[in-house]
Amino acid sequence: MRLTRLQKALWVAAGLAIVAFGVLVTIMNRAPEPAAQASFRPTFSLPDAEGRLRTAAEFEGKHLLVFFGFTNCPDVCPTTLSEVGQVMDDLGDEAEEVQPLFISIDPERDRELGLAEYTNAFHPAILGLAGDQAQTRAAADSFHIYYEREDTADASGEYSMSHSPALYLVGPEGDWLRQFTYGTPASDIVSDLQSRL
Amino acid sequence: MNRLLAATLLSLVSSPVLACDAVQLGTIEVEQAWSRASIGTSRPGVVYLTIRNAGTEDDALVSIDTPISGMPMLHETVVTDGIASMPHAMEVPVPADATVALEPGGYHGMLMDLTQVLKEGESFPVTLTFRNAGEVTVPVSVQGVGATDAGCSENNG
Ligand SMILES: [Cu+2]
């Protein structure tokens, strides 16, 4: 089959369009939300309530159930943390293989208000971590999550935080496994964990 | 005057079951008003409740007041593109012949500057102001720190 110059040009153009489309799709898929199939290892190095530095490496061999929140949050955070507590209770003996983490995105205020008494109120197994601004941002970035301070419009000096409210599951080798979106029932999280433990 | 009434009511209310009963204001019915126990007073508290408008006219909850908070506000938790934030809500629409819930992850009464510790099993009054129906004070039952609902049984609600 002999192609004219025009036909050749059209074929090349079509080929380029397909490649361009593929690139575009790839770029668009690279949203801040972690893609389900993407494998990455979140890391953190943050002090606990006693000031001891805790890192991702020390939890190797365990599943991590990670929530980023702030203790001044009366709605979303208690709901999710009580669910985490429920999950830990329902796992029974297998709970030993799961470490729930509460990573503060408002660390200064949370340390002042009391980090441990807050996490303990929901479940004694939950480990609260609160670093400085740089450590916190680094941890959030490595989980590919977002948070930001929201000042109120009035002069009260009150502020809140907007944040990704999901729970993140990290595997025993330190790789990111999945997220549970806000409002996922504890029973669904328990059965997902049981299938992995 | 309201504060005084509320304070009196506060001392009378001891059973959390009361919060499961509906409080009537014209065609508006408020029930299942609950909150969570607080750890101290330095973090904001919360109020959830269910409003039923049995009437034929739209109404709206425009403000809340309670002696246990120095700055009670209406808020709405919104999750946009996977990010949760909690903007101030000017009002909570209560359309005719509809039921609207202030519930976890949605509208809530935000109780800043708590004046007292909220203890599980106790109650406190909240006064709701509706644009058309006016004011009503309801008892709010304090549930556990990790509660996710009012703790009323289905037949009760
Ligand atoms: Cu709020």
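Residues numbered from 1 in each chain as written. Chains lettered and ligands numbered in written order. Predicted model: local features only at pLDDT ≥ 70, side-chain atom pairs only at ≥ 80, totals over all residues. Heavy atoms only, no water.

S.K.: When you look at the nonpolar core in this model, what are you seeing that I'm missing?
M.R.: A general trend in soluble globular proteins is that nonpolar side chains are found buried together. Core analysis: the biggest nonpolar cluster contains 51 residues, and Phe 44, Leu 65 and Phe 68 of chain A have the highest contact counts within it. If you tally residues by element for this core, the top one is helix α2 (residues 76-91) of chain A, at seven residues. The residues contacting Phe 68 of chain A, other than those within four sequence positions of it, are Ile 103, Ile 105, Ala 139, Ala 140, Phe 143, Ile 145, His 163, Ser 164 and Tyr 168 of chain A. Among the nonpolar cores identified, the runner-up in size contains 29 residues, and Leu 61, Leu 102, Phe 130 and Val 142 of chain B belong to it. (Core = buried A, V, L, I, M, F, W, Y, C linked by side-chain atoms within 4.5 Å. Buried < 20%, exposed > 50% of the residue type's maximum accessible area, 1.4 Å probe, protein only. Helix = DSSP H or I, 4+ residues; strand = E, 2+ residues; numbered from the N terminus. Contact = heavy atoms within 4.5 Å.)

S.K.: Just checking my understanding: could you explain the interface of chain B and chain A for this structure?
M.R.: Size of an interface, as often reported, equals the accessible area lost when the parts are brought together. Facing the 27 residues of chain B at the interface are 25 residues of chain A. Sorting the residues of chain B by area buried against chain A places Ile 39, Arg 43 and Ile 83 of chain B first, and these three jointly supply 28% of that buried surface. One can count zero salt bridges joining chain B with chain A. Counting across the interface, chain B meets chain A through 11 residue pairs in polar contact (both at pLDDT 80 or more). Mapped onto the side of chain B that touches chain A, the elements with two or more residues apiece are β3 (45-53), β7 (83-85) and β10 (107-114) of chain B. Looking at the side of chain B that touches chain A element by element, the count peaks at four residues for β10 of chain B. Classifying every residue of the side of chain B that touches chain A by side-chain character gives 13 nonpolar, 10 polar and four charged. (Buried area = accessible area lost by both parts, 1.4 Å probe. Salt bridge = Lys/Arg side-chain N within 4 Å of Asp/Glu carboxyl O. Polar contact = N/O pair within 3.5 Å; in protein donor to acceptor, adjacent residues only side chain to side chain. Nonpolar A, V, L, I, M, F, W, Y, C, P; charged D, E, K, R; others polar.)

S.K.: What's the story with the environment of Glu 108 of chain A in this structure? I'm lost.
M.R.: All names here are of chain A. Take Glu 108: it is sitting in helix α3 (residues 107-113). Note on Glu 108: relative accessible area 53%, which makes it exposed. Measuring from C-alpha to C-alpha, the distance between Glu 108 and Phe 180 comes to 27 Å, with 72 residues separating the pair along the chain.

S.K.: Would you mind going over the layout of surface pockets with me for this structure?
M.R.: Gaps left between atoms are located by rolling a probe of water-molecule size over the structure's atoms. If you add up the space inside the largest pocket, you get close to 350 Å³. At the level of secondary structure, the elements contributing two or more residues to the lining of the largest pocket comprise β6 (147-151) and β7 (159-163) of chain A together with β5 (69-76) and β10 of chain B. At three residues, the largest contribution of residues to the lining of the largest pocket is made by β7 of chain A. Broken down by class, the residue content of the lining of the largest pocket amounts to 10 nonpolar, six polar and five charged. (1 Å grid on protein atoms, 1.4 Å probe; cavity = no way out; pocket = protein on both sides within 12 Å on 5 of 7 lines; lining within 4 Å. Points joined across faces, edges and corners; volume = space filled by probe spheres on them.)

S.K.: Honestly, the pairing of strand β11 (residues 123-130) of chain B in this entry has me stumped. Any pointers?
M.R.: Consecutive side chains of a regular strand alternate in pointing toward one face of the sheet and then the other. Residues and elements named next belong to chain B. Extensive coverage of β11 is indicated by the burial of seven of its eight residues. When strand β4 (residues 59-65) meets β11, the two strands line up antiparallel, connected through four bridges. Counted as the bridge partner of Ser 63 is Thr 129 from β11. Relative to strand β12 (residues 134-143), β11 runs antiparallel, the two being bridged by eight bridges. Within β12, the residue paired with Phe 130 across the bridge is Gly 134. (Pairing = 2+ DSSP bridges.)

S.K.: Teacher, can you tell me more about the coordination of the copper ion here?
M.R.: Geometry reference: four tetrahedral donors at a metal, ideal angle 109.5 degrees. Six octahedral donors, ideal angles 90 or 180 degrees. Residues and elements named next belong to chain B. Within the first shell, the copper ion binds the protein through His 75 (ND1), Met 86 (SD), His 108 (NE2) and Met 110 (SD), at distances of 2.2 to 2.5 Å. Spacing between the donor residues of the copper ion along their common chain follows H-x10-M-x21-H-x1-M. Taken together, the residues His 75 in strand β5 and Met 86 in the loop between β7 and β8 (92-94) connect sequence positions 11 residues apart. In this pair, the class of His 75 matches that of Met 86, namely buried. (Donors = N, O, S within 2.8 Å, 3.2 Å for Na, K, Ca; no water.)

S.K.: I would appreciate a short explanation of the state of the cysteines in the present structure.
M.R.: Each disulfide consists of a covalent bond between the sulfur atoms of two cysteine residues. A full pass over the atoms with the stated rule returns two disulfides over all chains. Each sulfur of the disulfide joining Cys 73 of chain A and Cys 77 of chain A lies 2.3 Å from the other. Across the S-S bond linking Cys 73 of chain A and Cys 77 of chain A, the dihedral sits near 100 degrees, which makes this disulfide right-handed. Taking the relative accessible area as the measure of exposure, Cys 73 of chain A reaches 4% and is therefore buried. Disulfide partner of Cys 20 of chain B: Cys 152 of chain B, at an S-S distance of 1.9 Å. When the S-S torsion is -90 degrees, as for the bridge of Cys 20 of chain B with Cys 152 of chain B, the disulfide is left-handed. Here Cys 20 of chain B, found in the loop between α1 (2-12) and β1 (23-25), pairs with Cys 152 of chain B, found in the segment after β12; they are 132 residues apart in sequence, far enough to count as distant. According to the relative accessible area criterion, Cys 152 of chain B is buried, its value standing at 15%. (Disulfide = S-S within 2.5 Å.)

S.K.: Teacher, can you tell me more about α2 of chain A here?
M.R.: Helical geometry note: an α-helix holds 3.6 residues per turn, so side chains three or four residues apart project in the same direction. All names here are of chain A. Compared with the 22 Å implied by 1.5 Å per residue over 16 residues, the 23 Å span of α2 between its first and last C-alpha is a close match. Burial analysis of α2 places 13 of its 16 residues in the buried class, which makes it a mostly covered element. Note on α2: the residue one or two positions beyond its end, Gly 92, has a positive phi of about 60 degrees. (Expected span 1.5 Å × (residues − 1).)

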